[in-house]
Amino acid sequence: MNPLTLNHYLLASGLLFSLGFAGVMLRRNIITIFMCLELMLNAANLSLVAFSRFHVGADGLPNYNAQVLVFFIITVAAAEVAVGLAIIVALYRARQTTHVEDIQSLKF
Amino acid sequence: MFPPITLEILVLALGFILLLAESFSQSTSKRSLAKSAVFCLAWIFALSFFVTSAPANPEPGSFWNFYSADPVSMVFKRIALLTTMAVLVMALEYEKVLAKNIPSAREGAGTGEFFILPLFTCSGLMLLASAVDLVMAFAALELVTISFYVMVAYMRGSHASLEAGVKYLILGALSTGFFVYGITWIFGLTGETHFTKIALKLASLQGSDTAILFALVLVLVGLGFKVAAVPFQSWVPDVYQGAPTPVTAFLSVGSKAAGFLLLLRVLEPFLGVASIAHKILLVLSVLAGATLIFGNLAALPQNNLKRLLAYSSVGHAGYLLMAVACVGVAPSALGSVGATVGFYLFAYLLMTLLSFLVLTIATQHTKGEEIQHFNGLSKRSPFLAFALLVAMSSLAGVPLTAGFYGKFLVFAQAVNASQWTLIALGTVTVGAGFYFYLRVVAAMYWAEPADASPIQVSGLSKMIIVLLVAGIFVFGVNPKPVLSAFQTQQTPLASAH
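All values derive from a computational prediction rather than experimental measurement.

### Observations concerning the packing of aromatic side chains
Residues and elements named next belong to chain B.
- Overall, the coordinates contain 25 aromatic pairs over all chains when judged by the stated rule.
- Where Phe225 meets Phe232, the ring centres are 5.3 Å apart and the plane angle is 45°; that geometry is what we call tilted. Phe232 matches Phe225 in its accessibility class, with the two residues each being buried.
- Ring geometry for Phe404 against Phe408: centres 6.4 Å apart, planes inclined by 25°, an arrangement best described as stacked.

### A short note on the packing of helix 1 (residues 6-26) of chain A against helix 7 (residues 159-190) of chain B
- One way to put it is that helix 1 of chain A packs onto helix 7 of chain B with a least axis distance of 12 Å and a crossing angle of 165°. Considering the angle they form, helix 1 of chain A stands roughly antiparallel to helix 7 of chain B. Read as a crossing pair, helix 1 of chain A and helix 7 of chain B show a hand that is left-handed. Residue-level contacts link Leu10, Ser13, Gly14, Phe17, Phe21, Val24 and Met25 of chain A of helix 1 of chain A to Leu174, Gly177, Phe178, Tyr181 and Trp185 of chain B of helix 7 of chain B.

### Description of the interface of chain B and chain A
- Listed as interface residues are 42 residues of chain B and, on the opposing side, 43 residues of chain A.
- When the buried surface of chain B facing chain A is broken down by residue, Glu163, Tyr181 and Phe187 of chain B rank first, second and third, together holding 18% of it.
- Between Arg95 of chain A and Glu163 of chain B there is a salt bridge; the shortest N-O distance is 3.7 Å.
- Breaking the side of chain B that touches chain A down by element, the ones donating at least two residues are helix 6 (134-152), helix 7, helix 10 (235-242) and helix 13 (305-324) of chain B.
- Of all the elements, helix 7 of chain B adds the most residues to the side of chain B that touches chain A, at 23 residues.
- Grouping the amino acids of the side of chain B that touches chain A by side-chain chemistry returns 25 nonpolar, twelve polar and five charged.

### What about unusual backbone geometry?
Residue and element names in this part refer to chain B.
- Omega for the peptide link from Val230 to Pro231 comes to 5°, which places this bond in the cis form.
- Looking at the secondary structure, you find Pro231 in the loop between helix 9 (209-227) and helix 10.
- Positioned with a positive phi, Ala228 is a non-glycine residue whose angle comes to about 65°.
- Structurally, the position occupied by Ala228 is in the loop between helix 9 and helix 10.

### Notes on helix 8 (residues 195-204) of chain B
Residue and element names in this part refer to chain B.
- Among the residues making up helix 8, those that are buried are Phe195, Thr196, Ile198, Ala199 and Leu202. Summarising the axial view, the buried residues of helix 8 lie within an arc of 160°, below the 170-degree limit, and thus occupy one face. Pointing more than 90 degrees away from the buried face of helix 8 are the exposed residues Leu200 and Ser204.

### Some points on the pattern of salt bridges
All names here are of chain B.
- Considering all chains together, one arrives at twelve salt bridges over all chains under this definition.
- Notably, a salt bridge pairs Asp238 with Lys167, separated by 2.8 Å at the nearest N-O pair. Pair noted here: Asp238 is in helix 10 and Lys167 is in helix 7, with a separation of 71 residues, a long-range link.
- Residue Asp238 is classed as buried on the basis of its relative accessible area of 11%.
- The partner of Lys201 in a salt bridge is Glu192, with the nearest N and O atoms 3.5 Å apart.
- A relative accessible area of 36% places Lys201 in the partly exposed class.

### A few points about the packing of helix 3 (residues 71-93) of chain B against helix 19 (residues 459-477) of chain B
Residues and elements named next belong to chain B.
- Packing of helix 3 against helix 19 leaves a shortest axis separation of 10 Å and a crossing angle of 140°. Considered as vectors, helix 3 and helix 19 are oriented oblique to each other. Of the two elements, helix 3 crosses helix 19, and the hand of that crossing is left-handed. Of the residues in helix 19, those touching helix 3 at Ala86, Val89, Leu92 and Glu93 are Leu460, Ser461 and Ile464.
- For the contact of helix 3 with helix 19, a count of residues per class yields five nonpolar, one polar and one charged.

The rules behind each value
Residues numbered from 1 in each chain as written. Chains lettered and ligands numbered in written order. Predicted model: local features only at pLDDT ≥ 70, side-chain atom pairs only at ≥ 80, totals over all residues. Heavy atoms only, no water. Phe/Tyr/Trp six-rings, centres within 6.5 Å; stacked < 30°, edge-to-face > 60°. Buried < 20%, exposed > 50% of the residue type's maximum accessible area, 1.4 Å probe, protein only. Axes fitted to C-alpha atoms, helices over the stretch in contact; angles between N-to-C directions. Helix = DSSP H or I, 4+ residues; strand = E, 2+ residues; numbered from the N terminus. Parallel < 35°, antiparallel > 145°, perpendicular 65-115°, else oblique. Left-handed = near helix turned anticlockwise from the far one by under 90°. Contact = heavy atoms within 4.5 Å. Buried area = accessible area lost by both parts, 1.4 Å probe. Salt bridge = Lys/Arg side-chain N within 4 Å of Asp/Glu carboxyl O. Nonpolar A, V, L, I, M, F, W, Y, C, P; charged D, E, K, R; others polar. Arc of directions from axis to C-beta.

Shown next, in the form of structure tokens:
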């Protein structure tokens, strides 16, 4: 018998998601914030794969729709990182900083 | 006759061909890129009237399970094409500012992609209009968002643009995170990704209201960022102010239209669950009320015109949410709300594009975006001043303009749904709107210009401005054509019930 149930996976993915969100809210370095955002996307991936594994259809196979969605999320995340890091590098070149406190020229 | 997907493929192919042409051509002028893009988009727009319609009962596993081409989504596609053309014309006007803010060895080098990226956003918007599956909707939404990241941060030499780019990147990615996690839970609950099948499964689920609400709230947070609803609006003023003006215009129209389209699509299956429908409507009403108040009141003290338009964009999201919050619990009620939202988005598009086009042209001569820089614009260019007057009156909701009729439809929906609190809030905020929109008009007509040299407008821009002004009046007096285009048929989801 399988000791790991769907709930374990969901708990792990929920923890990952909360950690990522907390990081986005609390950390002050843009690179770290960006890593935390990736963590949130991966939390979704983990729970999708778990849902896929535990949604067994009539033919005894897992529901593969979710796994296809995971591939889309991975691809989109990669594109986001490529564009995002380029923007952060451009910002660093112009301002010599990646700290959010230093990036406040646009204000009320 | 072509299958409808040809349109998206053509737009994407056009984007790739122009990228190649940009890399290998010897000429330094990038204007021809934008002009050929506008020309080709006009042809694609014409082709959109010759597409075949979708089969009524798609076979399982076929492409039609992800993609629908009902009349309403065709209308959205055409609107996306027209918007992109207007944005490209605006980008042509903006070329000098752009070249100044991009550090490069040669004059104008590195500006080419700025005229090509809107094409990718356009194809994303068109795909999103047709998406009937969460996977498709997610991929299309990200195509729109990621090309916006690049465009917002495009002016590498401008601190404001880079800062806006980073802020949009972080908050956009955050909203994607929430949206994806919400999709995950929707899939977990139903085992489906197609909207119609989700609706069927959700209606038969018993006793998992909390999980359904959790999934929906995650998705709402994600979409709230896209449509700039309070409390997820914090990025809007900074990004609107810092981004290049044509991108701001595209962002305010494209991001909002995409968000509301997806919001209606996603809400529909959930409203079919009788036990939680009233809770969803309560959440939507609270969001609408908060957005109305914040957007319109925070715009009052603004002196920067782009920032003012940013808060106005939040305010208009409030009116749109007010219409969405009036969705009845019965699925058939979505039809009329969909038409209201569609018309409001269309009117918003006309007046926003018009104000940003005038802003793009005028700021190059006024050397600033503060309201005081627009002092006496009527003496420098009566044409531009009149266009901005029309745009501001329509945004405020003066009768006989498209903006007025949009607001009228929203309030009519609210009266039908007996949303009295929202109506009261809406009335107060419309009054506040008159003050801050007409302040711009007063500066243009009653203040003396600091520098009275006349402003010239190029032929292409003049044509677009005339068309937009005409559109605001024509659809304000006779809104029938647009309304019936959105009403011809219910969304494919509703007809499947």
